[in-house]
Amino acid sequence: MFPVVVVHGGAGHIPKERSELSTGGVSSAARAGYLVLQGGGSSMDAVVEAVTQLENNPSFNAGCGSVLNIRGEVEMDAIVMDGKTLGSGAVSAVRNVANPVQLARLVMDKTSHVCLTADGASKFARSMGVPEVPMDSLITQYSRMRWEKNLAPDANPVECQMGKMGTVGAVAVDGEGNVACATSTGGMLNKMEGRVGDTPCIGSGGYADNQAGAVSTTGHGETIMKVTLARHILFHMEQGQSAEAASDLGLAYMKSRVGGLGGVVTVDPQGNWAARFSSLQMAWAAVQKDTLHRGLYAGEHFTQSIHEPH
Ligand code: ASP
């Protein structure tokens, strides 16, 4: 069994001028997560590190760079799940924190609950000493420009977002065969205030179970939730399907049953992994056995030793 970290940067269509930023971002996040594993960290430590990096990267729809709700504000969702204990923590519609994924982990580690939302999540963050950040520090010019564009009466924010997504997520297996997942998002463009998507919902935005594997999802949240995509894929793995085949079956089911497009990263406890999507593109990267794998379009798969300059 070889430890692995697999990361995604959102399903959709990445404009050409932003594709370098996306593939570079997921590659460095996967490397950062893998470094944590090499240093003796757990799969949970690794996925939180990888997703934290992507939240801090303004090119992605999570943390700084999140899309805006209809009022032009940032409300974020995140989840973590530990495959050893089935422990999970999530936050939804949370504001003014730089790293919702770390807050989700605190919910898992420090409370008896699974998900905290909105003001309650912010109060909990304060009580844990998590610094409060001004909302403006999470808003990029790009997200404000897209928000304004989507206020037009003939705009179609879902279509537009399926064009340019950037939710982030990671799955990992550590040296002890423990799996974990983490997912973080600003949600859907111009969403209603208070809208909660699939990301913080256990079984939809992610799921991890040492007896089957771990999945982090991205795509149109309202359809992902209808088919509980992450758990659906693990069900296929429990029935004997590989990580890759199960991911394809789950995505195909979501497309045929509810017309939803998306993408996933998946691992099994043996360290087999997959990065699959039904959208046009999904930036993804994986590191295993000191090799970086990455891709953006279906069928694209570049590899390079992580000791080479990137
Ligand atoms: N799944 C996210 C949501 O609906 C969006 C995305 O993956 O881009 O909130």
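Just so it is clear, the structure is predicted and the values come from calculations on it, not from any experiment.

Observations regarding the overall build of the protein chain
Of the regular secondary structure elements, the protein chain holds nine helices and 13 strands. Its C-alpha radius of gyration of 17 Å places the protein chain within 12% of the 19 Å reference for a compact globule of 310 residues. In terms of overall dimensions, the protein chain has C-alpha extents of about 50 × 40 × 40 Å along its principal axes. Here the protein chain holds 310 residues, and 60% of them are scored as buried. The long-range share in the protein chain, meaning contacts at least 24 apart out of those at least 6 apart in sequence, stands at 65%. Accessible surface computed for the protein chain: about 12300 Å², of which carbon and sulfur atoms make up 51%. Computed over 23 positive and 29 negative side-chain charges, the inter-centroid distance for the protein chain is 4 Å.

Re helix 4 (residues 118–127)
For helix 4, the set of buried residues is Ala 121, Ser 122, Phe 124 and Ala 125. The buried residues of helix 4 occupy an angular sector of 160° when projected down its axis, which confines them to one face. Turned more than 90 degrees away from the buried face of helix 4, the exposed residues are Asp 119, Lys 123 and Ser 127. Each element contacted by the buried residues of helix 4 is listed here: strand 3 (88–94), helix 3 (100–110) and strand 4 (115–117). At the exit of helix 4 stands Gly 129, carrying a positive phi of roughly 75°.

Describing the pairing of strand 3
Most of strand 3 is tucked away, with seven of its seven residues classed as buried. As judged from the five bridges shared by strand 2 (residues 76–82) and strand 3, these two strands associate in the antiparallel manner. Bridging from a neighbouring strand, Met 81 pairs with Ser 88 of strand 3. Linking strand 2 to strand 3, which pair antiparallel, is a turn of five residues; within it Leu 86 sits at a positive phi near 65°. As paired strands, strand 3 and strand 4 are joined by three bridges and run parallel to one another. Pairing of Ser 92 across the sheet is with Thr 117, part of strand 4. Traced from strand 3 through helix 3 to strand 4, the parallel crossover comes out left-handed.

Concerning helix 5 (residues 141–149)
Listed in full, the buried residues belonging to helix 5 are Ser 143, Arg 146 and Trp 147. Buried residues along helix 5 cover an arc of 105° about the axis, so they all sit on one side. More than 90 degrees from the buried face of helix 5, the exposed residues found are Gln 141 and Lys 149.

Topic: the site of the ligand
Close to the ligand lie 12 residues, the nearest being Thr 167, Arg 195, Asp 198, Thr 218 and Gly 219. Interatomic distance of 2.8 Å between a side-chain N/O atom of Thr 167 and an oxygen atom of the ligand. Measuring from an oxygen atom of the ligand, one finds a side-chain N or O atom of Arg 195 at 2.8 Å. Protein contacts shield 100% of the accessible area of the ligand, which totals 270 Å² for the unbound molecule.

Focus: the pattern of salt bridges
Going through the model one piece at a time under the given rule, you end up with 13 salt bridges. With a closest N to O distance of 3.3 Å, Arg 71 and Glu 73 form a salt bridge. For Arg 71, a relative accessible area of 53% gives the class exposed. One salt bridge in this structure joins Glu 244 and Arg 276, with 3.8 Å as the shortest N-O distance. Here Glu 244 is found in helix 9 (residues 243–258), whereas its partner Arg 276 is found in strand 10 (residues 273–277), with 32 residues between them in sequence.

A closer look at the nonpolar core
By size, the foremost hydrophobic cluster in this structure holds 51 residues, and its most contacted members are Val 7 and Val 80. Sorting elements by how many residues they give to this core places helix 2 (residues 43–56) first, with seven residues. Discounting residues that sit within four places of it in the chain, Val 7 has contacts with Val 26, Ala 29, Ala 30, Ala 50, Leu 54, Gly 169, Ala 170, Val 265, Ala 283, Trp 284 and Ala 285.

Here's the deal with the sheet that holds strand 2
Taken in spatial order, the nine strands make up an open sheet running 4-3-2-6-5-1-11-12-13, and their pairing is mixed. The open sheet is flanked by strand 4 and strand 13 (302–305), the only strands paired with a single partner. When strand polarity is set aside, the average angle formed by the axes of neighbouring strands in this sheet is 10°. Contacting strand 1 (4–12), strand 5 (168–173), strand 11 (281–288) and strand 12 (291–297), helix 1 (residues 16–38) crosses the sheet at an angle of about 25° to strand 11.

Conventions used here
Residues numbered from 1 in each chain as written. Predicted model: local features only at pLDDT ≥ 70, side-chain atom pairs only at ≥ 80, totals over all residues. Heavy atoms only, no water. Helix = DSSP H or I, 4+ residues; strand = E, 2+ residues; numbered from the N terminus. Rg over C-alpha atoms; globule rule 2.2 N^0.38 Å. Buried < 20%, exposed > 50% of the residue type's maximum accessible area, 1.4 Å probe, protein only. Contact = heavy atoms within 4.5 Å. Areas by Shrake-Rupley, 256 points an atom, 1.4 Å probe, with all protein chains shown as cover. Lys, Arg positive; Asp, Glu negative; His and termini not counted. Charge placed at Lys NZ, Arg CZ, Asp CG, Glu CD. Arc of directions from axis to C-beta. Pairing = 2+ DSSP bridges. Right-handed = clockwise from strand over helix to strand, strands pointing away. Near = heavy atom within 4 Å. Polar contact = N/O pair within 3.5 Å; in protein donor to acceptor, adjacent residues only side chain to side chain. Salt bridge = Lys/Arg side-chain N within 4 Å of Asp/Glu carboxyl O. Core = buried A, V, L, I, M, F, W, Y, C linked by side-chain atoms within 4.5 Å. Axes fitted to C-alpha atoms, helices over the stretch in contact; angles between N-to-C directions.

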